[in-house]
Amino acid sequence: MPLRTVSPATVRHWHAAALRGDGGRTSISQSYRFLRMVMNTAVRDGILGRNPCQIPGAGTVKSVERPVATPAEVVALVEAITPCYRTAVLIAAWCGLRRGEIGGLRVTDVDLTNHTITVRKNRVEPLHAPGRAHDKDPKSEAGKRTITIPPHVMPLVRLHLDEYAGKERLFVSRDGGPLRGNTLYQAFVRARGKVGIDMTFHDLRHTGQTLAAQTGATLADLMKRLGHSTMAAARRYLHAVDGRDREIANALSDLAAHGDVARLPRHITMRS
C-alpha cells in the first residue's frame, strides 16, 4: 500500500487480524514496532502528517517472569550435574555469565591470585551451520569485563583447573575440543530433572542478577557485573562498580552461607 493510504483504521485492522492468526505475540509486536518506525521516518520526511500506528501497548510484550533458584537449589544442581560442568553452573549462577561466554573462556582468563574471571570472547554456534562454531567478541564493549569470583566458588574453580580444564580452554568436550553449548545444556537438563527445578540454563544468569541485587548492588553494579550495555546516559555510571566488585562477590558468599544451607558440598570443596 502507498504510505499515504495507510490510516489508523488500516493499522488496527491489520493488527487485529494478526492477533487472530497463528503468529506469536512477540513477532507481532516486533512487526508493529518496525511498521511504527517506518511511519515515523515518513513523518520526519514530510510524507505523512501523523503516524497511523496509534494502538496503545501494541509494540510491547510482557515478559514471562523468569524463575530464580535459591542458593540451596544452586548447590543441588551442582551436586546433580556431571562433575566437569559443576563450575559452569556456579559461574553462571554466581558470576552471571552467559552460556556462550562460558564456552569462550580460556584458562588464562582465570586469575587465581585476584580471584577474578575475565570475559573476552563469546562462543557462537550458528543454528543453521553447527559445524561453524567460533569465538567472537561480545556484542558490546560492556560485555568485555572482569568479574570477581565469590570466595565460596573459588575452591571448585581451583579443582576444575586441576582436573577438568583443557590446555587452553577452561571448559572442553570429551574429545578435548571447545565445549559445545548443547552438551552443557543437555547435562543441565538432566541435572534439573534430578533436582526437580523447572528452569533453563540462562535462568542461572538471571538468578545471579537477582541474588546480586539482594546484596544491595546498584543498577550500575549489575550492568558492570553482567556485561549489560544501554544508552549512553546510563553507561556513565558503570565506573561506580569498579571499586565495589569485590565487596559484591564477598556479599554473594555471605548470602550463600546464610543459614548453612548453601555451602558447597563438603566432598567437593575438601579436595581442593
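Numbering of residues begins from 1 in every chain and follows the order in which that chain's sequence is written. In keeping with the predicted nature of the model, local features appear solely for residues at pLDDT of at least 70, side-chain atom pairs appear and are counted solely at 80 or more, and the whole-chain, interface and lining totals rest on all residues. Derived side-chain values reflect all non-hydrogen atoms in the structure, with water molecules and hydrogen atoms excluded from consideration.

## Here we look at the overall build of the chain
Defined as follows: Helix and strand assignments come from DSSP, with helices taken as H or I runs of at least 4 residues and strands as E runs of at least 2, each series counted from the N terminus. Think of it in three bands: with a 1.4 Å probe and only protein chains considered, a residue is buried below 20% of the maximum accessible area for its type, exposed above 50%, and partly exposed in between. Contact criterion: two residues are considered in contact whenever any of their non-hydrogen atoms come within 4.5 Å of each other.
In terms of regular secondary structure, the chain is built from twelve helices and five strands. Looking at the chain as a whole, 41% of its 272 residues are labelled buried. Sequence-distant contacts, at least 24 apart, represent 65% of the contacts inside the chain between residues at least 6 apart.

## Here's the deal with the confidence of the model for the chain
When pLDDT is low, close inspection of the predicted coordinates is not appropriate. Using the following cut-off: How sure the predictor is of each residue is captured by pLDDT, a score from 0 to 100.
Averaged over every residue, the pLDDT of the chain is 84; residues scoring 70 or more account for 86%. When pLDDT is averaged over each element of the chain, strand S1 (residues 110-111) comes out on top at 97 and helix H10 (residues 232-235) at the bottom at 38. In this model residues 231-241 is a low-confidence stretch, pLDDT under 50, and it forms 14 contacts with partners more than four residues away in sequence or in other chains.

## Quick notes on the nonpolar core
Here is the rule: Each nonpolar core is a collection of buried residues, namely Ala, Val, Leu, Ile, Met, Phe, Trp, Tyr and Cys, held together in the definition by side-chain atoms within 4.5 Å.
By size, the foremost hydrophobic cluster in this structure holds 46 residues, and its most contacted members are Ile91, Trp94 and Leu204. Breaking this core down by element, the ones donating at least two residues are helix H3 (71-80), helix H4 (86-95), strand S2 (116-119), helix H6 (154-163), helix H7 (181-195), helix H8 (201-214) and helix H11 (245-257). Among the elements that take part in this core, H4 stands out by supplying eight residues, more than any other. Those residues in contact with Ile91 that lie beyond four places of it in its chain are Gly96, Leu97, Ile102, Leu105, Ile117, Leu170 and Phe171. The next biggest cluster of nonpolar side chains, apart from the first, holds nine residues, and it includes Val6, Ala42, Cys53 and Ala58.

## Here we look at the sheet that holds strand S5 (residues 145-148)
Using the following cut-off: Two strands are counted as paired when DSSP detects at least two bridges linking them.
Pairing within the open sheet is antiparallel, and its three strands lie in the order S1-S2-S5. Two strands in the sheet have a free side with no partner beyond their single neighbour: S1 and S5.

## Regarding the pattern of salt bridges
Operational definition: Counted as salt bridges are all cases of a side-chain nitrogen of Lys or Arg within 4 Å of a carboxyl oxygen of Asp or Glu.
All told, the structure shown has eleven salt bridges when counted by the stated rule. Here Arg169 ties to Asp135 by a salt bridge, and the two come within 2.6 Å at their closest N and O atoms. With a gap of 34 residues between them, Arg169 in the loop between H6 and H7 and Asp135 in strand S4 (residues 134-136) connect regions that are remote in the sequence. When its relative accessible area of 10% is taken as the criterion, Arg169 is described as buried. On the basis of relative accessibility, which here comes to 23%, the residue Asp135 falls in the partly exposed class.

## Examining the pairing of S2
Residue alternation in S2 divides its side chains into two sets, Thr116 and Thr118 and Ile117 and Val119, and both sets are buried. Taken together, the two bridges between S1 and S2 define a ladder with antiparallel strand orientation. For Val110, the partnering residue across the bridge sits in S2 and is Ile117. The antiparallel pairing of S1 with S2 creates a hairpin that spans four residues between the two strands, and His115 there sits at a positive phi of about 60 degrees.

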